[in-house]
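Each chain, letter by letter, is given below.
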Amino acid sequence: MKLNKNLASIFSRLTPLQLYICTSALTFLLIFTQNRRRFLDPFIWAEDGTQFLNDFLLSGWKSLFFPYAGYYHVVPRFFVSLLFSVSIDYFPHLILITSMTIYSLVSGLFCSENFNQLVPSKLTRFCICLSFSYLPGLLEIIGNMANLHSVLYFAAFLLCLKNLDYRYSYLEISFFLLASLSAGEMIVLVPVLGLRCLLI
């Protein structure tokens, strides 16, 4: 009980940005401990090489809007193209670090006060964020851009859970549109977003 009070006191002194940064950093650290061996021998995963990188080498940046498997992959293709342009030698390492960073930043979203109608306790939301580091199948999602669509959908799903009186910012609306060009799963959230618009 005393430990909970001490932790609650610490969290109460953190600004929303500080809490988000700390949560995302700890999430990254937890994911890193599970994937540290992959840094010793990183590799290019499936569609990252056979589709996204191959299309970029053949067609350049216009390949961002090439469809694959029935939908677009704008964001994954962008990162593959950008990171390959940055460094050919460390391309697999950059993919691994970038994918882990994106997932960590997404996981940290739930610590925001904009979810307090769903989970009032800031400490509980913090613990839930950290638990995202141990989701089943995460080791396959982390470390590549081919599965980034799942992370983008996860981010959109979390945004849909924000307090019902919350109004999305232009940045969040832009994210929804961009995610729709990268994750076919986004179609599932259309009714949810429509309902939220009616309730506001």
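In this report, we go over the structure that sits alongside the text. (Residues numbered from 1 in each chain as written. Predicted model: local features only at pLDDT ≥ 70, side-chain atom pairs only at ≥ 80, totals over all residues. Heavy atoms only, no water.)

1. Quick word on the packing of aromatic side chains
Rules: Side-chain rings of Phe, Tyr and Trp, where Trp is taken by its six-membered ring, are said to pair if the distance between their centres is within 6.5 Å; with planes under 30 degrees apart they count as stacked, over 60 as edge-to-face, and otherwise as tilted. A 1.4 Å probe rolled over the protein chains alone gives each residue an accessible area, and that area as a share of the maximum for its type sets the label: buried under 20%, exposed over 50%, partly exposed in between. A run of DSSP states H or I qualifies as a helix once it reaches four residues; a run of E qualifies as a strand once it reaches two. Both are numbered from the N-terminal end.
For the structure shown, the criterion picks out 12 aromatic pairs. Between Phe-43 and Trp-45, the aromatic rings sit 6.1 Å apart at their centres with planes inclined by 25°, giving stacked as the arrangement. Since its relative accessible area comes to 23%, Trp-45 is described here as partly exposed. Ring geometry for Trp-61 versus Phe-78: centroids 6.2 Å apart, planes at 45°, classification tilted. In this pair, Trp-61 sits in the loop between α3 (46-59) and α4 (74-86) while Phe-78 sits in helix α4, placing the two residues 17 residues apart along the sequence.

2. Regarding the layout of surface pockets
Worth spelling out the cut-off: Site definitions follow a grid-based scheme: protein atoms alone, a 1 Å grid, a 1.4 Å probe that fits but cannot get out for cavities, and for pockets an open set with protein on both sides within 12 Å along at least five of seven lines, plus lining residues having an atom within 4 Å of a point. Grid points are joined across faces, edges and corners, and a volume is the space filled by probe spheres set on the points.
Considering only enclosed or pocket space, the largest pocket measures out at about 650 Å³ in volume. Along the wall of the largest pocket there are 28 residues; nearest its centre are Tyr-20, Leu-105, Val-106, Leu-109 and Leu-159. Among the elements of the structure, α2 (16-40), α4, α5 (91-107), α8 (148-160) and α9 (170-180) are those that each provide at least two residues to the lining of the largest pocket. Of all the elements, α9 adds the most residues to the lining of the largest pocket, at five residues.

3. What about the pattern of salt bridges?
Threshold: Any carboxyl oxygen of Asp or Glu that lies within 4 Å of a side-chain nitrogen of Lys or Arg is treated as forming a salt bridge with it.
Inspection of the entire model under this criterion finds four salt bridges. With a closest N to O distance of 3.0 Å, Arg-77 and Asp-55 form a salt bridge. With a gap of 22 residues between them, Arg-77 in helix α4 and Asp-55 in helix α3 connect regions that are remote in the sequence. With relative accessibility at 1%, the residue Arg-77 sits in the buried group. The class for Asp-55 is buried, based on a relative accessible area of 14%. Lys-122 is the salt-bridge partner of Glu-113, the closest N and O atoms lying 3.6 Å from each other. The network of salt bridges with common partners includes Glu-113, Lys-122 and Arg-125.

4. Focus: empty space enclosed by the protein
Note the following rule: Here the term charged refers only to Asp, Glu, Lys and Arg, the term nonpolar to Ala, Val, Leu, Ile, Met, Phe, Trp, Tyr, Cys and Pro, and the term polar to all other amino acids, Gly among them.
Using the criterion set out here, one finds one cavity of 30 Å³ or more in the structure. As a volume, the largest cavity reaches approximately 50 Å³. Taken together, the residues of the lining of the largest cavity sort by class into five nonpolar, one polar and one charged.

5. A look at unusual backbone geometry
Even without glycine at this site, Ala-46 takes up a positive phi of about 35°. Take Ala-46: its relative accessible area is 40%, and that puts it in the partly exposed class. Positive phi is not limited to glycine here, since Ala-69 has a value of about 60°. Mapped onto the secondary structure, Ala-69 falls in the loop between α3 and α4.

6. Focus: α9
Selection criterion: Relevant arc is that of directions from the helix axis to the C-beta atoms, nothing else. Only heavy atoms matter for contacts: two residues are in contact if any of them lie within 4.5 Å across the pair.
Taken as a whole, α9 has its buried residues at Glu-172, Phe-176 and Ala-179. One face of α9 carries all of its buried residues, which in axial projection span an arc of 70°. Exposed and oriented more than 90 degrees from the buried face of α9 are Tyr-170, Leu-171 and Leu-177. Summarising the contacts, the buried residues of α9 are in contact with α8 and α10 (190-199).

7. Re the packing of α2 against helix α6 (residues 122-131)
The following threshold applies: Helix axes are fitted only over the stretch in contact, all axes being lines through C-alpha atoms; the angle between N-to-C directions runs from 0 to 180 degrees. Note on angle classes: values under 35 degrees are labelled roughly parallel, values over 145 roughly antiparallel, values of 65 to 115 roughly perpendicular, and the remainder oblique. Left-handed is the label given to a crossing in which the near helix is rotated counterclockwise from the far helix by less than a right angle, and right-handed is the label when the rotation is clockwise.
Where α2 contacts α6, the two axes come as close as 9 Å, and the packing angle between them is 30°. The angle between the axes of α2 and α6 places the two elements in the roughly parallel class. Where α2 crosses over α6, the two elements pack in a sense that is right-handed. Between α2, through Leu-19, Thr-23, Leu-26, Thr-27 and Leu-30, and α6, the contact on the second element is made entirely by Lys-122, Phe-126, Cys-129 and Leu-130. In the contact of α2 with α6, the residues fall into six nonpolar, two polar and one charged.

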